[in-house]
Amino acid sequence: MEGRIGQNSVPLHGSIDKSRILDVKPLKSLIPIFSMSSQTPPLGQYPSGFSPFFPFGAPQQTPTEVTPNGAATPIRAYRSPPWAGDTSSTMEGFSDQHSSGKKKRGSPKSHSAKSSLDKPKKSQEPPVDLDALVGISPAQKDDGSREVVNFVLMAFDALRRRLCQLEEAKELSLGSVKRADLKACSTLMTRGIRTNMRKRVGSAPGVEIGDIFFFRTEMCVVGLHAPSMSGIDALHIMGEFEEETLAVSIVSSGEYDDDAEDIDVITYTGQGGNFFKKDKHAIDQKLHRGNLALDRSSRKLNEIRVIRGIRDEVNPNAKIYVYDGLYKIEDSWIGKAKGGGDVFKYKLVRMPGQPSAYSVWKSVQKWKSGSTRTGLILADISNGAESIPVALFNEVDNVKTPIYFNYFHSLRHPKSFRLMEPSNGCTCTKACVPGDLNCSCIRRNEGDFPYTGNGVLVNRMQLVHECGPTCQCFPNCKNRVSQTGLKHQMEVFKTKDRGWGLRSLDPIRAGTFICEYAGEVVDRAKESELVREGNEYVFDTTRIYGQFKWNYEPRLLEEVNPNESSEDYAMPYPLVISAKNFGNVARFMNHSCSPNVFWQPVVYEENNQSYLHVAFFALRHIPPMTELTYDYGVARSDLAEGISAAKGRKKCLCQSLKCCGFYG
């Protein structure tokens, strides 16, 4: 397709000027119509046993083509003739079935086909009041807030982790769940646990620039990007003179050679063309569906949400998605794909005045490749105690180092306690296997393996029992997560108003182990002395900590006799740790009333004695260079004495919406 594209001209082969802006007036009859029905699934290939879904209503069949006088010529040049039967450019997330009744690529399978999806057995309890269960009002489902978005994302990931746990233990009744994220999303959508259902141009309320997502389905449940597979999300609206479709968000994941090197500019390639399908001939993209929506947006100059896909360093076959804010289309043209065929190109420019997002990722990539940084004081504050160096940075003032301390990776002088059922550890010959109830460590964890295969904590528990030195399993057993040191590249940095802080150069998934709280175990009398001396590096398990729900809701899976873990810790004895003289990176984590890290008691045994440790895990997904914080809690004595004890507390500077004003 070449030649100048004008409103009243036909492109001539061999004469395209690729620098000219597309100037095509779309026909009303060719505009995709979005149905509000939630029953019609979108197109796209899903794993066996999963029905495709389109969270905000699937599109209906393309209307019969109508040819108004003098207006059909420009678009017809980009559309295949009806007799060609070409379906190779059909895009995921848009219906393209004809009156013949033939199913096109990605259309739903027959209902008679046997599904391999595991369906947990339904309980005999009366129907659950879902609104009361999830606590999301109809208004919050339509329009989100930060609190609601965080709640939905935590509910999604909690359910996904549980499905992974059941799958790895082979405890599902009818087969396997190969994509726990799809199952979790489908369940939440069905149960109404979602937000920002009302489509809109501009920001999605409650979703902040820089937020990261490890699954595209996470973006669906919070309304950031509705199609679970398609890269273009569109909104059908009534214009002044005609109905039209505008692009409201795009996902740039590198599948179409998108140029994403400029942190504020992205050259986005349209949909369609079979450029990456084996044994398929590359064809020209057509100006319809998502491409048509982008063309409309280039005329209207409406804001478009841009989500950038970045390769996951931990899993090279996966991507992490970062919300990079609002863009506008500045230019558009026709280009050539690497494999041949014409493609639509759209130049999107980031609107000024927005917080950094993708630019942070690009900076981190440069630093990891050896680029110099300002403010570096020490390359490794751990002096080799950690397998991954922990750098020390100060870009705020002239303070060179924190107060002197000895770096220690665990507890000094730990206290032990005798198990109710003494043993010499598990007898697993290689590694502990989920679902193996012959493993004594798994039995102590209420019969469930506490971590997923990639080391993510599934549930908060009264106590997590890990394999210890006396266990016969291999040292790399998945049930030793908190004993293997740092897994992410951490750095200690000087904050503007809260002393030293801790952050990670790597993105951290919810449930991932951060570090142990290391230091000297002291008694309560010693703690009082340390507090009087102004020692701020004290962790006390007896303090009152903010309540929050992190575990999955068993009723969402309709499990019979679910093994529901209590989120109230069962401490065998009070544990007080001082990190003033001995400690690790945990001593630098600041307090927040809205933290992104939580603590979990972990025990493992040695010589018939168990030792208690405090391990920190990510409460939610944490983007790179985000400060890591946890709730310091309030002393029970202070809480009992009321306002009179406020003099012993510290002023809180977390600036969160839920800030209590004090801690300690």
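Below or above, wherever it landed, is the structure these notes cover. (Residues numbered from 1 in each chain as written. Predicted model: local features only at pLDDT ≥ 70, side-chain atom pairs only at ≥ 80, totals over all residues. Heavy atoms only, no water.)

Here we look at the packing of aromatic side chains
Phase 1: This model, assessed by the stated rule, comprises 20 aromatic pairs.
Phase 2: Ring geometry for Y630 versus Y632: centroids 4.9 Å apart, planes at 50 degrees, classification tilted.
Phase 3: A relative accessible area of 4% means that Y630 is categorised as buried.
Phase 4: Y632 sits in the buried class, given a relative accessible area of 15%.
Phase 5: Seen from the ring of W550, R161 lies directly overhead, with NZ or CZ sitting 3.6 Å from the centre.
Phase 6: Positioned above the aromatic ring of F582, the side-chain terminus of R412 is 3.9 Å from the ring centre. (Phe/Tyr/Trp six-rings, centres within 6.5 Å; stacked < 30°, edge-to-face > 60°. Buried < 20%, exposed > 50% of the residue type's maximum accessible area, 1.4 Å probe, protein only. Lys NZ or Arg CZ within 6 Å of the ring centre and 35° of its normal.)

Concerning the state of the cysteines
Should the sulfur atoms of two cysteines be covalently bonded, the bond is a disulfide.
Phase 1: Taken as a whole and judged by the stated rule, the model has 0 disulfides.
Phase 2: The closest cysteine sulfur to the non-disulfide-bonded C652 is located on C654, 3.4 Å from its own sulfur.
Phase 3: Judged by its relative accessible area of 6%, C652 falls in the buried class. (Disulfide = S-S within 2.5 Å.)

Quick word on the pairing of strand β23 (residues 609-618)
Phase 1: With 9 of its 10 residues buried, β23 lies for the most part within the structure.
Phase 2: Direction of pairing for strand β16 (residues 513-516) relative to β23: antiparallel, over a ladder of 3 bridges. Across the sheet, residue F513 finds its bridge partner in β23, namely F617.
Phase 3: Counting the residues in the hairpin turn of strand β22 (residues 597-606) and β23 gives 2 residues, including N607, whose phi is positive at 55 degrees. (Helix = DSSP H or I, 4+ residues; strand = E, 2+ residues; numbered from the N terminus. Pairing = 2+ DSSP bridges.)

Observations concerning the sheet that holds strand β14 (residues 490-494)
Phase 1: What the 4 strands build is an open sheet, ordered β8-β9-β14-β15; its pairing is mixed. The open sheet has two free edges, formed respectively by β8 (376-378) and β15 (500-504), since each of these has just one partner strand. In this sheet, neighbouring strand axes are inclined to one another by 35 degrees on average, regardless of whether the strands run parallel or antiparallel.
Phase 2: Where β8 lies against strand β9 (residues 391-393), 2 bridges are found, and the strand directions are antiparallel. Within β9, the position partnered with L376 by the bridge is F393. (Axes fitted to C-alpha atoms, helices over the stretch in contact; angles between N-to-C directions.)

Geometric values such as these leave the question of function open.
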